[in-house]
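Residue-level structural notes
So you can see what is in the structure, the chains are spelled out below.
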Amino acid sequence: MSTPSPDAYEQGRGMDAHNAVMRDIRAERDETYDPHEPTRVWIDEDNTPDGVRQSLTIILNTGGCRWARAGGCTMCGYVAESVEGGSVPHEALMDQIDACLAHERSNASEPSGLVKIYTSGSFLDEREVPAETRAAIAETFADRDRIVVESLPDFVTADAVRDFTDVGLKTDVAIGLETATDRVRQDCVNKYFEFTDFEDACAEAASVGAGVKAYLLLKPPFLAEPEAVADMISSIRRCGDVDACHTVSMNPCNVQRYTMVDELFFEGGYRPPWLWSVAHVLEETADVDAIVVSDPVGHGSDRGAHNCGECDERVQTAIKDFDLRQDPSVFEQVSCACERTWDHVMAEETSYNMPLAR
């Protein structure tokens, strides 16, 4: 694959306008972050090809996504949590790993079989995480069962992934595909690569025995609710047909600071997806030959996937149950009068910037 650079990404794609707006929005940021402390760390459970496993999830504090520094994705505010200066040295990154291990010792009765490592951009981008650090992290977690590392497809190479597979770790690369539809990815998300690049990255990972977890975005800006749901169902099915892609994670869009979505939301031109939409997509794709999961961030809040407020926790519980059991019958156990409003939205909403219901 070609060497990434923002100028090359923008060229001939009409992405310069989106990027110019995003650069102005991101310039409002004034927070600073400690390069020796991770952005976040927590213990959870995840469904893997080997069954449900306790997981240690780590979000490393790095210099941030290089694409976001050019402008970047319309919905992503994670670069706002990155360290100023564009890079974090090896020693500081390993301090972050030590802090995460200390958190695990304090909050779990045993080491987690699954470790998931994310950054505000791409873990496999050596500007964010040097090769030296990547190898050291692989050695640190060599006694675990499985590891997930996040990356844009550009940086997924056999050599990079081999650091983990060579120490005996079952390895998955998490790729923020967002949608299988190139037009939606470019025009709504402002993400530069194509579905064929995702397929190439899957093949690269598979060449060293690794798998792929695709991250999809439910309801990016500029899509009405019915359009977003239809695109998500189609995208999950297309991902399930790609060799090596064994898991698809549907992420309902939430409103993050310093993003175009935040600007639209403030003006009344964006509503995060309904939790009923999440449940519907999971039901409709339960037959896909892949693990399909969803973890709505900020569920039940105005800025996250939500229904009427009365049923949000019940529907979220059903979604979490589905993630672990992959049984669509869990959704038969939840109901609410607001589902009729959602039905009307799905039948009648045609404009992205005029949501029929809040």
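Attention in this report is confined to the structure presented alongside it. Model, not experiment: these values are computed from the prediction. Along every chain, residues carry numbers that run from 1 in the direction the sequence is written. Residues qualify for local features only when their pLDDT is at least 70, as the model is predicted, and side-chain atom pairs are given and counted only at 80 or more; totals for whole chains, interfaces and linings, by contrast, use all residues. With hydrogens and water set aside, each side-chain value is computed from the structure's full complement of heavy atoms.

Section: the overall build of the protein
For the protein, the helix and strand inventory stands at 13 helices and eight strands. Atoms counted for the radius of gyration: C-alpha only. Globule rule: 2.2 Å times residue count to the power 0.38. The C-alpha atoms of the protein give 20 Å as radius of gyration, which agrees with the globular expectation for 358 residues (21 Å, within 12%). By its C-alpha atoms, the protein is 55 × 45 × 35 Å across when sized along the principal axes. Once local pairs closer than 6 in sequence are excluded, the contacts in the protein between residues at least 24 apart make up 76%. Note on areas: Shrake-Rupley with a 1.4 Å probe; residue coverage comes only from the protein chains shown. Of the accessible surface of the protein, which amounts to about 14,700 Å², a share of 46% is contributed by carbon and sulfur atoms. Between the centroid of the 31 positive side chains of the protein and the centroid of its 66 negative side chains there is a distance of 1 Å. Secondary structure elements are taken from DSSP: a helix is a run of H or I of four residues or more, a strand is a run of E of two residues or more, and numbering for both begins at the N terminus. The contact rule is simple, with two residues in contact once any of their heavy atoms fall within 4.5 Å. Lys and Arg are tallied as positive, Asp and Glu as negative. Neither His nor the chain termini are counted. Note that the charge is assigned to NZ on lysines, CZ on arginines, CG on aspartates and CD on glutamates.

With respect to the sheet that holds strand E3 (residues 114-118)
In space, the eight strands of this open sheet follow the order E1-E2-E3-E4-E5-E6-E7-E8, with mixed pairing throughout. Lying at the two open borders of the sheet, with one neighbouring strand each, are strand E1 (40-48) and strand E8 (291-294). On average, adjacent strands in this sheet sit at an angle of 25 degrees to one another, irrespective of strand direction. Two strands qualify as a pair provided that DSSP identifies no fewer than 2 bridges between them. Here E3 pairs with strand E4 (residues 146-150) via four bridges, running parallel. Pairing of Lys 116 across the sheet is with Val 148, part of E4. Angles shown run from 0 to 180 degrees and are taken between the N-to-C directions of axes, each axis being a line fitted to C-alpha atoms and, for helices, limited to the stretch in contact.

Remarks on the packing of helix H11 (residues 275-284) against helix H13 (residues 338-348)
Remark: H11 packs on H13, axes separated minimally by 10 Å, with the N-to-C direction vectors making an angle of 75 degrees. Classified by the angle their axes make, H11 and H13 are roughly perpendicular. Between H11 and H13, the residues in contact are Trp 276, Ser 277 and His 280 and Cys 338, Glu 339, Trp 342 and Met 346, respectively. Of the residues assigned to the contact of H11 with H13, the class counts are four nonpolar, two polar and one charged. Here the angle decides the label: under 35 degrees means roughly parallel, over 145 means roughly antiparallel, 65 to 115 means roughly perpendicular, and every other value means oblique. Ten residue types, Ala, Val, Leu, Ile, Met, Phe, Trp, Tyr, Cys and Pro, are classed as nonpolar, four, Asp, Glu, Lys and Arg, as charged, and the remainder, Gly among them, as polar.

Describing a negative patch on the surface
For patch building, the residue pool is restricted to those with more than 30% relative accessible area and no salt bridge; the joining distance is 9 Å between like charges and 5 Å between nonpolar side chains (Val, Leu, Ile, Met, Phe, Trp, Tyr). Just to be clear on terms, a salt bridge is a Lys or Arg side-chain nitrogen sitting within 4 Å of an Asp or Glu carboxyl oxygen. Negative charge collects at one region of the surface, where Asp 34, Glu 37, Glu 91, Asp 95, Asp 98 and Glu 132 lie side by side. The element that contributes the greatest number of residues to the negative patch is helix H4 (residues 90-107), accounting for three residues.

Some thoughts on the environment of Val 212
Considering the arrangement of structural elements, one finds Val 212 in strand E6 (residues 211-218). Each residue is assigned to one of three classes by its accessible area relative to the maximum for its type, calculated with a 1.4 Å probe on protein chains only: buried under 20%, partly exposed between the two thresholds, exposed over 50%. Looking at Val 212, the relative accessible area reads 0%, which means it is buried. A C-alpha to C-alpha distance of 29 Å links Val 212 and His 18, two positions 194 residues apart in sequence. For Val 212, the contacting residues outside a window of four places in its chain are Asp 172, Val 173, Ile 175, Phe 198, Cys 202, Ala 205, Ala 244, Cys 245, His 246 and Thr 247.

Some points on the packing of aromatic side chains
Working definition: rings of Phe, Tyr and Trp (its six-membered ring) pair if their centres are within 6.5 Å, and the pair is stacked with planes under 30 degrees apart, edge-to-face with planes over 60 apart, and tilted otherwise. Enumeration over the complete set of coordinates arrives at seven aromatic pairs. Arranged with centres 6.2 Å apart and planes meeting at 80 degrees, the rings of Tyr 118 and Tyr 215 form a pair that is edge-to-face. Of this pair, Tyr 118 sits in strand E3 while Tyr 215 is found in strand E6, placing the two residues 97 residues apart along the sequence. Judged by relative accessible area, which is 9%, Tyr 118 ranks as buried.

Side note on the pattern of salt bridges
Evaluation of the coordinates by the stated rule reveals 18 salt bridges. Residue Arg 146 pairs with Asp 50 through a salt bridge whose shortest N-O separation is 2.9 Å. You can see Arg 146 sitting in strand E4 and its partner Asp 50 sitting in the loop between E1 and strand E2 (51-59), a full 96 residues away along the chain. In this structure Asp 50 comes out as partly exposed when scored by relative accessible area, which is 32%. The closest approach of N and O atoms between Asp 287 and Arg 237, which form a salt bridge, is 3.0 Å. Of this pair, Asp 287 sits in the loop between H11 and E8 while Arg 237 sits in helix H9 (residues 225-240); the two residues are 50 residues apart in sequence, bridging distant segments of the chain.

Overview of the pairing of E6
Of all eight residues in E6, eight are buried; the element is thus mostly enclosed. Side-chain alternation along E6 places Gly 211, Lys 213, Tyr 215 and Leu 217 on one buried face and Val 212, Ala 214, Leu 216 and Leu 218 on a second face that is also buried. Relative to E6, strand E5 (residues 170-178) is paired through six bridges, and the arrangement is parallel. Note on E6: the bridge partner recorded for Val 173 is Val 212. In terms of handedness, the path from E6 via H9 over to strand E7 (residues 245-252) forms a crossover that is right-handed. Assignment of crossover handedness uses the view with strands pointing away from the viewer, where a clockwise path from the first strand over the helix to the second indicates a right-handed crossover.

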